[in-house]
Amino acid sequence: MTDQQKPHPRGDQTIIGKLSGKSITIPDVNAPPMPALAPPGVIHNGTKAENFDEIDSSIGYPDVRSFRRKFGLIIPATNTSMEHELWSIICMNQGPDGLRGVGLHTATVMTSKPRLETEEDLRAYKKQFLGGLRAAVDVALLAEPQYLIMGMSLEHIIGGIEAIRAPMEEIEEYSGLSWATWHDAVHAALGKYGAKRIGLLTPFDKKGNEFATQMFEELGYEVVSSVGFSCANALHIAHVPDSVKENAILELLATEEHALDAVVQCGTNMSLINVTEKLEPVLGIPILGINAVTFWYALRENGFEGPLPGGGRLLQEF
């Protein structure tokens, strides 16, 4: 048998998150019979294939592609960036010490009115995202993921860290699974660098940046400078050019005057991996993009500890 074909140990597994210190239950998604076969079993030309015993479903076989960990990813329906960035990290690290056998199952939250031009738009977006979150989780759970990832900048729509934590605690209890969230992930990542003075890069408008600043200040960081692109539509966030992000970091954030410890990017539909890879060696400070950082947190919590190229310094150094 290959690694993919070897039956997994039976029963749920409890691990301790490397970053959170919390107990994480990893459900056994290979409990026999897996795969269950309809009578009469394997058929050949419409009749039972005699003496063909290659599948012993009483053992329990793992998912052929996601045999090490199956992550559920919850994103707004307008998001075209986060899944792509996470898969790019997975595909770049397919070696024996990398992410071979790690997979994503993505479910979207219906955000049918993605306008973000006014505070009223923001309130409506908040209502439809939080209102549709359970339905998206129900869809994700159909694939029996073992751990979930929140693919949304909740500080964009909710002010204050305690208010952000509240719906996550509720949905975590509802799902019965552990989650990686941006607010936990970035706090852990900044702690690894001992960073306190940060600059924020976001697709948000003035109100969204105020909420983001509030969250980071309540977490104990000094937001020295912030840049928001004021995207008026959640779908359009993915279309902000990398060159504009680079210039904003170089000219408005990571200046000598600001003396930043780190640049932090919010907004999961705003890709930053290529910018991070290009500018970190130039600036000498970490550039923490939300998608790579949240995935880093999920991986480390689940015991994937090796260095991973393609997502910035954080995934290689910690």
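See above for the structure.
Let us look at the structure shown here. As a convention, each chain's residues are numbered from 1 in the sequence order in which they are written. Per-residue local features of the predicted model are confined to residues with pLDDT of at least 70, and side-chain atom pairs are confined, for both listing and counting, to 80 or more; whole-chain, interface and lining totals are unaffected and use all residues. To get the side-chain values, all heavy atoms of the structure are used, and hydrogens and water are removed first.

1. A word on the side chain of histidine 258
We count it as follows: The helix and strand labels rest on DSSP assignments: H or I over at least four residues marks a helix, E over at least two residues marks a strand, and numbering proceeds from the N terminus. Here a polar contact is taken to be a pair of N or O atoms separated by no more than 3.5 Å, where protein atoms must pair a possible hydrogen donor with a possible acceptor and residues adjacent in sequence count only if both atoms sit in side chains.
Along the chain, histidine 258 turns up in the loop between helix H6 (242-253) and strand E11 (262-265). A distance of 3.5 Å separates the side chain of histidine 258 from the backbone oxygen of leucine 252, its partner in a polar contact.

2. Here we look at the sheet that holds E11
Note the following rule: Here the rule is simple: two strands pair whenever DSSP picks up at least two bridges between them. Only the stretch in contact is used when a helix axis is fitted, and all axes are lines through C-alpha atoms; the angle between N-to-C directions ranges over 0 to 180 degrees.
If you trace the 4 strands from one edge of the open sheet to the other, you get E10-E9-E11-E12, paired in parallel fashion. On the outer flanks of this sheet lie strand E10 (222-228) and strand E12 (287-289), each paired with one strand and no other. Going across the sheet, the axis of each strand differs from the next one's by a mean of 20 degrees, ignoring polarity.

3. Let's talk about the packing of aromatic side chains
What counts is decided by this rule: We call Phe, Tyr and Trp rings a pair once their centres come within 6.5 Å, taking the six-membered ring for Trp, and we label the pair stacked below 30 degrees between planes, edge-to-face above 60, and tilted otherwise. Note on classification: 1.4 Å probe, protein chains only; a residue is buried when its accessible area is under 20% of the maximum for its type, exposed when over 50%, partly exposed between these limits. Here, a charge over a ring means that NZ of Lys or CZ of Arg falls within 6 Å of the ring centre while also lying within 35 degrees of the ring normal.
Summed over all chains, the structure comprises 5 aromatic pairs. Taking the centre distance of 5.9 Å and the plane angle of 85 degrees together, the rings of phenylalanine 71 and tyrosine 147 count as edge-to-face. Here tyrosine 147 lies in strand E7 (residues 147-150) and phenylalanine 71 lies in strand E5 (residues 69-76), a separation of 76 residues in the sequence. Take phenylalanine 71 and tyrosine 147: they sit in the same class, and that class is buried. Three or more aromatic residues joined by ring pairs form one cluster here, namely Phe71, Tyr147 and Phe295. The side chain of arginine 134 reaches across the aromatic face of tyrosine 174, ending 4.2 Å from its centre.

4. Notes on the pattern of salt bridges
This is how the line gets drawn: Any carboxyl oxygen of Asp or Glu within 4 Å of a side-chain nitrogen of Lys or Arg constitutes a salt bridge here.
Across all of its chains, the model carries 8 salt bridges by this definition. Across the pair lysine 278 and glutamate 246 runs a salt bridge whose closest N-O atoms are separated by 3.1 Å. Taken as a pair, lysine 278 in helix H7 (residues 273-283) and glutamate 246 in helix H6 lie far apart in primary sequence, 32 residues in all. Since its relative accessible area comes to 48%, lysine 278 is described here as partly exposed.

5. Observations concerning the nonpolar core
Quick note on the threshold: To form a nonpolar core, buried Ala, Val, Leu, Ile, Met, Phe, Trp, Tyr and Cys residues must be joined to one another through side-chain atoms within 4.5 Å. Residues count as neighbours in contact if any of their non-hydrogen atoms are within 4.5 Å of one another.
Of all hydrophobic cores here, the largest spans 75 residues; its most connected members are Leu190, Phe216 and Phe295. No other element matches the 8 residues that helix H8 (residues 290-301) contributes to this core. Beyond its immediate chain neighbours, meaning those up to four positions away, leucine 190 contacts Ala195, Ile198, Phe216, Tyr221, Ala262, Val264 and Leu288. Membership of the second largest hydrophobic core comes to 17 residues, among which are Leu201, Cys231, Val240 and Ala254.

6. Regarding empty space enclosed by the protein
It is the rolling of a water-molecule-sized probe over the atoms that shows where space remains empty. Defined as follows: Points on a 1 Å grid over protein atoms alone make up a cavity when a 1.4 Å probe fits among them but cannot get out, and a pocket when they form an open set with protein on both sides within 12 Å along at least five of seven lines; lining residues each have an atom within 4 Å of a point. Grid points are joined across faces, edges and corners, and a volume is the space filled by probe spheres set on the points. Gly counts as polar in this scheme, as do all residues outside two lists: the nonpolar Ala, Val, Leu, Ile, Met, Phe, Trp, Tyr, Cys and Pro, and the charged Asp, Glu, Lys and Arg.
This structure, assessed with the given rule, holds 5 cavities of 30 Å³ or more. Every residue lining the largest cavity is counted, 14 residues in all, and those nearest its centre are Tyr125, Met152, Ile237, Thr268 and Asn269. Looking at the lining of the largest cavity residue by residue, the classes come out as 7 nonpolar, 7 polar and no charged.

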